[in-house]
Amino acid sequence: MPPILSQSAQADRIAPAATPPELLRNFCIIAHIDHGKSTLADRMLQLTGVVEERQMRAQYLDRMDIERERGITIKSQAVRMPWGVVDETTGEVVPYALNMIDTPGHVDFTYEVSRSLAACEGAVLLVDAAQGIEAQTLANLYLAMENDLAIIPVLNKIDLPAAQPEKYAEELANLIGGDPEDCLKVSGKTGEGVPALLDRIVAEVPQPVGDPDAPARAMIFDSVYDTYRGVVTYVRVVDGHLSPRERILMHSTRATHELLEIGVSSPEPRPTAGLGVGEVGYLITGVKDVRQSRVGDTVTNAAKPASEALPGYADPKPMVFSGLYPIDGSDYPDLREALDKLKLNDAALTYEPETSVALGFGFRCGFLGLLHLEIVRERLEREFNLDLISTAPNVVYDVTMEDGKEVVVTNPSEFPEGKIASVREPLVKATLLAPSEYVGTIMELCQSRRGSLKGMDYLSEDRVELRYTLPLAEIIFDFFDQLKSRTRGYATLDYELAGDAEANLVKVDILLQGETVDAFSAIVHRDKAYAYGVSMTEKLKELIPRQQFEVPIQAAVGSRIIARETVRALRKDVLAKCYGGDISRKRKLLEKQKEGKKRMKNIGRVEVPQEAFVAALSSDAGGGKETAKK
Amino acid sequence: MSGAGVPGAAATRFGVYLHVPFCSVRCGYCDFNTYTATELGGGASQASYAASAVAEVALADAELRRRGLAGRPVETVFFGGGTPTLLPTADLARMLDAVDRTWGLVPDAEVTTEANPDSVWAADLQALRDAGFTRVSFGMQSAVPHVLATLDRTHDPDRVPQVVAWARDAGLAVSLDLIYGTPGESLDDWRRSLEAVLALEPDHVSAYALTIEPGTRMHTRVRRGELPGVDGDDQAAKYELADTLLAEAGYGWYEISNWARRPEQRCRHNVAYWRSHDWWGIGPGAHSHLAGTRFWNVKHPRAYAQRVAAGELPVAETEQLTAEQVADEHVLLGIRLVDGLPLGAEHRATLHELAADGLVDPDAAGAGVARLTRRGRLLADTVVGRLVA
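All values derive from a computational prediction rather than experimental measurement. (Residues numbered from 1 in each chain as written. Chains lettered and ligands numbered in written order. Predicted model: local features only at pLDDT ≥ 70, side-chain atom pairs only at ≥ 80, totals over all residues.)

S.K.: What's the story with the overall build of chain B in this structure? I'm lost.
M.R.: The secondary structure content of chain B amounts to 15 helices and 16 strands. Residue burial in chain B is summarised as follows: out of 389 residues, 47% are buried. Within chain B, counting contacts between residues at least 6 apart in sequence, those at least 24 apart form 72% of the total. (Helix = DSSP H or I, 4+ residues; strand = E, 2+ residues; numbered from the N terminus. Buried ≥ 20, exposed ≤ 12 C-beta atoms within 10 Å, placed from the backbone. Contact = placed C-beta atoms within 7 Å.)

Pasting the structure below:
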């Protein structure tokens with residue numbers, strides 16, 4: 001085993017801010033959730049000596065509880081690790097600084113993944129030797145190949161009895177070209193093969209290239225809010241040099257900040273004399289909001305700014321919307337405060353106050369996708385102790401009226417009345433991987449979700465890649481659940497946005513005794529309006545308690561009623577007698593009734609317990625948890 | 001307990017409830033505090049029960065004196081159960097005598113006992129009348145054998161006319177108790193029961209919707225699917241039928257579940273509950289109300305007997321009502337009576353809404369009184385909810 005370099009004089013040659021590009025290697029790991037990325041990273045941290053045995057804890061880099069519990073990485077990070085390789089001609093140990101950039105592993109964060117990839121020259125393609133490649137990994141692999149990254153194929157978990165390294169090595173070779181023999185076989189659990197992998201990284205990942213004398217340009221690939229330090233910005237320096245105390249300029253916002261601290265993570269933050277060409281590290285400027293330090297933006301020197309920004313910057317754009325309401329209305333100010341705090345660390349989260357007849361005061365929130373929604377909601381509930389109800393998620397619709405007026409709809413209840421010329425909805429390009437026996441059932445599902453088949457390839461004899469274009473709205477409902485249950489969990493899905501298209505969409509309203517219940521309005525394809533109307537009215541019929549009058553529940557498209565159920569009038573609620581003068585028992589029932597009344601919402605004259613709305617909405621929102629396991 | 005300071009408390013009418021916690025058979029629907037054993041150990045038995053009750057009367061009197069609430073004669077006495085007539089008539093007479101000697105009965109006091117049609121005889125009824133009882137309430141429940149069987153009632157329905165006749169001969173006013181909405185009871189079954197009652201021309205009729213309480217045998221049977229549960233719509237239809245037939249026969253409702261031929265035949269003891277008068281409940285698990293304080297006794301006859309024997313009031317818990325609770329109860333209880341509930345101007349708007357919904361009488365509402373319509377009587381909880389919540 002090569003010497004650990006931190007103790008050696010050689011270590012000076014790779015000191016931060018003074019490491020020549022030829023001794024730097026920047027790489028990331030592309031892997032599906034559960035394929036062992038974090039465990040492999042743990043082994044690398046130990047082998048290179050940056051984390052001592054006694055400080056080691058499982059999944060060291062996953063900081064948030066939710067990340068560790070769900071086994072997914074939400075935010076990326078970078079770790080600098082020393083690694084020595086024996087020069088074959090001189091026999092001396094040459095030290096290298098390896099920067100491992102962790103990439104978020106979910107479809108909602110494709111943009112963040114693309115920025116992480118742009119900070120690297122190479123990628124380790126990590127695949128579970130018992131499961132083979134998944135759709136998500138495949139998508140990220142294509143992204144890495146488009147970025148011209150050197151790909152090192154690695155099969156992990158070779159210690160598992162179910163491992164089939166030969167079969168999947170073949171599959172990987174087919175995907176990226178080359179020999180199955182080029183595929184490294186490792187075990188993150190036992191550490192087997194990990195030193196060889198580090199050697200391969202040094203040998204195959206190209207050194208970074210940049211102009212040390214040009215004005216400084218560094219790309220932000222992550223930005224994290226820390227309670228004590230404010231925003232910590234992770235950058236990859238492309239040209240020039242960044243030093244402590246200098247004033248820096250953010251290219252997109254033109255804001256300038258003083259560089260209070262600059263350093264590298266190994267993996268705990270360590271201040272340095274700066275960062276040079278090809279180096280990866282962090283910046284602290286004292287700003288409190290990640291929106292001032294945006295992923296993809298270019299950092300330059302304020303006094304001597306680079307004229308041109310690095311390519312690829314894009315504003316995060318929310319694609320999925322949902323109303324978040326506190327179950328207890330008095331929690332509204334707490335919800336606002338919690339969202340304000342989350343926003344500090346989440347540049348993609350948007351929210352605006354919204355009032356619902358059914359649910360009271362809340363916020364219409366925008367998310368990158370369903371997982372993003374789930375994570376935000378879970379953090380609000382867990383970290384801020386809020387009980388929330390979220391409305392069924394929806395996408396953004398562009399509505400053009402016959403008079404040419406355009407309306408952007410993020411909340412179905414705001415869908416315009418009147419003559420509509422056209423409605424456009426966002427589309428996605430979806431990639432589905434599954435054993436070939438499920439092709440039929442997947443096609444059926446995609447067809448029923450208005451998908452159109454764009455292509456189909458066999459990755460190996462029994463594994464198929466299907467490519468579809470689908471409306472985003474069809475994916476955010478319960479598509480993933482359906483896919484999983486119809487393929488016994490074998491199919492995997494990835495999707496990316498692919499523009500928008502006109503569609504025959506209508507708004508279905510749900511009315512209680514003639515009054516629209518805003519929280520249940522939905523925009524659906526005309527062919528599915530009836531099904532939605534029937535299922536919602538049936539569900540509400542079960543949930544709404546009988547009142548002293550008959551309550552019609554209707555579903556309507558415009559003024560046309562498409563479904564109807566009736567809650568029959570309550571005829572009797574009085575208790576016949578009091579038991580031996582036990583008035584207290586009767587009064588307590590009344591006190592319970594009074595308490596319950598506080599949680600009642602009035603829709604016209606109909607009293608509906610909040611729980612009924614919660615139940616009607618949450619049975620639709622199902623699948624979020626499953627989605628997260630993707 | 002502190003009620004001495006309540007102004008006018010001593011002026012409030014005073015009654016006594018006597019609980020007799022024994023039955024020969026426990027009915028499947030019953031969740032009252034009652035026991036079928038004759039010997040309950042620890043000095044508690046049917047034989048010694050009257051002595052314990054008499055002892056509680058003395059303790060109650062001492063407490064009333066201590067609180068400055070004594071000195072009121074008793075206007076109504078009600079023996080309930082359980083099955084009071086399971087005790088020897090002499091025991092019932094002895095308990096009533098203790099009440100009379102301790103507090104005094106007003107000259108026209110109403111003294112009622114509940115009775116099971118199969119455990120009384122002509123001589124018993126005569127003896128009760130002689131002891132000062134004025135009224136008997138028979139637990140008839142139904143005239144239909146299969147309904148009685150579901151209710152675990154053991155009496156022969158044909159015996160009811162007999163006991164009613166004996167009671168009349170003895171000079172007792174007669175009330176018949178019915179239960180409607182029993183699983184398996186058809187609307188025709190219910191009509192038969194009502195017709196049987198009307199044929200006997202009682203002075204007073206009570207009709208209670210069956211409620212199946214958790215913990216009862218019937219509840220278990222429903223949960224297991226052996227019996228259908230009660231249905232609110234079915235009970236509503238039966239209530240309406242009862243109210244119609246009774247009204248046609250000249251009986252007027254004066255409380256949601258009670259009808260009388262003439263106002264003076266109403267059960268005054270019953271009305272006292274809904275008017276929040278004062279009463280002392282004697283016996284295990286009995287509830288009392290005194291000047292804004294509610295309290296109730298320990299439930300088990302043995303614990304009860306021991307407490308009383310030790311010279312202690314057998315009270316289990318006491319509840320001092322807050323002003324809001326008093327106000328809530330005023331509405332909750334008073335709304336059930338035919339006289340209606342006079343309400344303040346702040347309720348005017350609600351009252352008119354209730355009248356528009358057909359739940360209260362519009363004429364009375366115009367005068368600021370909430371008087372339930374028949375529909376309103378069935379939906380009294382809704383009405384109360386609107387008025388207090």
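Let's pick the thread back up.
S.K.: Help me understand the overall build of chain A in this model?
M.R.: Counting its regular elements, chain A contains 15 helices and 31 strands. In chain A, buried positions account for 48% of the 630 residues. Excluding contacts between residues fewer than 6 apart, the proportion of contacts in chain A whose partners are at least 24 apart in sequence is 71%.

S.K.: Explain the interface of chain B and chain A here, please?
M.R.: The partner chain A presents 22 residues to the 37 residues of chain B that form the contact. Those elements giving two or more residues to the side of chain B that touches chain A turn out to be β1 (14–20), β8 (204–209), α8 (232–248), β11 (278–282), α11 (323–334), α14 (374–378) and α15 (380–388) of chain B. Counting residues per element, the side of chain B that touches chain A draws most heavily on α15(B), at six residues. Tallied by class, the residues present in the side of chain B that touches chain A amount to 18 nonpolar, eleven polar and eight charged. (Nonpolar A, V, L, I, M, F, W, Y, C, P; charged D, E, K, R; others polar.)

S.K.: Would you mind going over helix α3 (residues 110–118) of chain A with me for this structure?
M.R.: Residues three or four positions apart in an α-helix share a direction because the helix packs 3.6 residues into each turn. Of all nine residues in α3(A), eight are buried; the element is thus mostly enclosed. Every buried residue of α3(A) is accounted for by A:T110, A:Y111, A:E112, A:V113, A:S114, A:R115, A:S116 and A:L117.

S.K.: So what exactly am I meant to see when it comes to the sheet that holds strand β12 (residues 269–271) of chain A here?
M.R.: Think of a sheet as strands paired side by side through backbone hydrogen bonds, with each pair either parallel or antiparallel. Residues and elements named next belong to chain A. Spatially, eight strands are ordered β10-β9-β14-β7-β8-β13-β11-β12 in an open sheet, and the strand pairing comes out antiparallel. The sheet is open, and its two borders are formed by β10 (256–258) and β12, each paired with just one other strand. Mean inter-strand twist for the sheet, computed between neighbouring axes without regard to direction, equals 40°. Two elements, strand β7 (residues 217–226) and strand β14 (residues 298–301), share two bridges in a ladder whose sense is antiparallel. Within β14, the position partnered with M219 by the bridge is T298. (Pairing = 2+ DSSP bridges. Axes fitted to C-alpha atoms, helices over the stretch in contact; angles between N-to-C directions.)

S.K.: Sorry, what's going on with α15(B) here?
M.R.: The element α15(B) is extensively covered by neighbouring structure, given that seven of its nine residues are classed as buried. Of the residues making up α15(B), those classed as buried are B:D381, B:T382, B:V383, B:V384, B:G385, B:R386 and B:V388. Buried positions along α15(B) lie against α13 (583–598) of chain A together with α11, α12 (348–356) and α14 of chain B.

S.K.: Whenever I open this one, the packing of helix α1 (residues 37–47) of chain A against helix α6 (residues 194–204) of chain A confuses me. Can you help?
M.R.: Relative placement of two packed helices is described by the angle separating their axes and the distance separating the axes. All names here are of chain A. It is the contact of α1 with α6, at a shortest axis distance of 10 Å, that shows an interaxial angle of 85°. The orientation of α1 relative to α6 falls into the category roughly perpendicular. Residues R43, M44 and L47 of α1 form the contact with α6, whose participating residues are V194, P195 and L198. Split by residue class, the contact of α1 with α6 holds five nonpolar, no polar and one charged. (Parallel < 35°, antiparallel > 145°, perpendicular 65-115°, else oblique.)

S.K.: I would appreciate a short explanation of the nonpolar core in the present structure.
M.R.: Soluble globular proteins tend to bury their nonpolar side chains together. With 172 residues, the main nonpolar core has A:A123, A:L125 and A:L432 as its most contacted residues. With seven residues, the top contributor of residues to this core is strand β21 (residues 420–435) of chain A. Once you skip the residues sitting within four places of it in the chain, A:L125 turns out to touch A:I30, A:L141, A:I151, A:I152, A:P153, A:V154 and A:L172. Ranked by size, the runner-up nonpolar core spans 107 residues in total, among them B:F133, B:V144, B:A207 and B:V384. (Core = buried A, V, L, I, M, F, W, Y, C linked by C-beta atoms within 7 Å.)

S.K.: Hey, could you run me through the sheet that holds strand β4 (residues 122–128) of chain A in this one?
M.R.: Residues and elements named next belong to chain A. Spatially, β2-β3-β1-β4-β5-β6 is the arrangement adopted by the six strands of the open sheet, whose pairing is mixed. Looking along the sheet, the strands with just one partner apiece sit at the ends: β2 (78–86) and β6 (184–185). Pairing between β2 and strand β3 (residues 93–101): nine bridges, direction antiparallel. Bridge pairing in β3 places V86 opposite V93. Lying on the sheet, helix α5 (residues 165–176) is in contact with β4, β5 (150–156) and β6; it crosses β5 at an angle near 165°. Packing of α6 onto the sheet brings it into contact with β1 (24–31), β2, β3, β4, β5 and β6, and relative to β5 it is tilted by some 170°.

S.K.: I keep staring at the pairing of strand β15 (residues 320–326) of chain A and nothing clicks. Help me out?
M.R.: Where a strand is regular, its side chains alternate between the two sheet faces. Residue and element names in this part refer to chain A. With respect to burial, β15 is a largely interior element, seven of its seven residues being buried. In this structure, β15 lies alongside strand β17 (residues 360–367), joined through five bridges in antiparallel fashion. Within β17, the residue paired with V320 across the bridge is F367. Alignment of β15 against strand β18 (residues 388–390), held across three bridges, turns out to be antiparallel. Residue pairing across strands places Y325 opposite I389, the latter belonging to β18.

S.K.: Before we go on, may I ask you to explain the confidence of the model for chain B in this structure?
M.R.: Interpreting fine coordinate detail is not advised for predicted regions of low pLDDT. Residue and element names in this part refer to chain B. Looking at chain B as a whole, the pLDDT averages 93, with 97% of positions reaching at least 70. Scored below 50 in pLDDT, residues 1–9 makes 16 contacts in the model with residues more than four places away or belonging to other chains. Interface confidence for the predicted complex, expressed as ipTM, amounts to 0.85; the pTM equals 0.69. (pLDDT = per-residue confidence, 0-100.)

S.K.: It is not clear to me how unusual backbone geometry should be interpreted in this structure. Could you clarify?
M.R.: If a residue is not glycine, its phi is most likely negative; likewise, a peptide bond is most likely trans. All names here are of chain B. Each neighbour pair has its own omega, and for G81 with G82 the value is 15°, a cis peptide bond. Within the fold, G82 resides in the loop between β4 (74–81) and α2 (89–103). At Q141, a residue that is not glycine, the phi angle is positive and equals roughly 65°. Examined against the element boundaries, Q141 turns out to sit in strand β6 (residues 135–141).

S.K.: Help me out: how do you make sense of the confidence of the model for chain A in this one?
M.R.: All names here are of chain A. Summing up the model confidence of chain A, the mean pLDDT is 86 and the portion of residues at 70 or higher is 91%. Below pLDDT 50 for its whole length, residues 71–76 participates in 26 contacts with residues either more than four positions away or in separate chains. The low-confidence segment residues 620–630 (pLDDT under 50) makes 25 contacts with residues lying over four places distant or belonging to another chain.

S.K.: Could you clarify how one ought to interpret the pairing of β14(A) in this entry?
M.R.: Residue and element names in this part refer to chain A. Residues T298 and T300 point to one face of β14 and V299 and N301 to the other, with burial holding for every one of them. The pairing of strand β9 (residues 247–250) with β14 spans three bridges and is classified as antiparallel. The partner of M250 across the bridge, within β14, is V299.

S.K.: Could you clarify how one ought to interpret the environment of A:A306 in this entry?
M.R.: Residues and elements named next belong to chain A. Residue position: A306 is located in the loop between β14 and β15. Separated by 57 residues in the primary sequence, A306 and L249 have C-alpha atoms spaced 9.5 Å apart. Every residue in contact with A306, bar those within four places of it in the chain, is listed here: A214, P215, A216, R217 and T300.

S.K.: I keep staring at the packing of helix α3 (residues 122–131) of chain B against helix α5 (residues 159–170) of chain B and nothing clicks. Help me out?
M.R.: Residues and elements named next belong to chain B. Interaxial distance between α3 and α5 falls to 9 Å at its minimum, and their mutual angle equals 35°. Here α3 runs over α5; the crossing is right-handed. For the pair α3 and α5, contact is made by A122, L125, Q126 and R129 and by W166, A167 and A170, respectively. When the residues that make up the contact of α3 with α5 are grouped by side-chain class, the tally is five nonpolar, one polar and one charged. (Left-handed = near helix turned anticlockwise from the far one by under 90°.)

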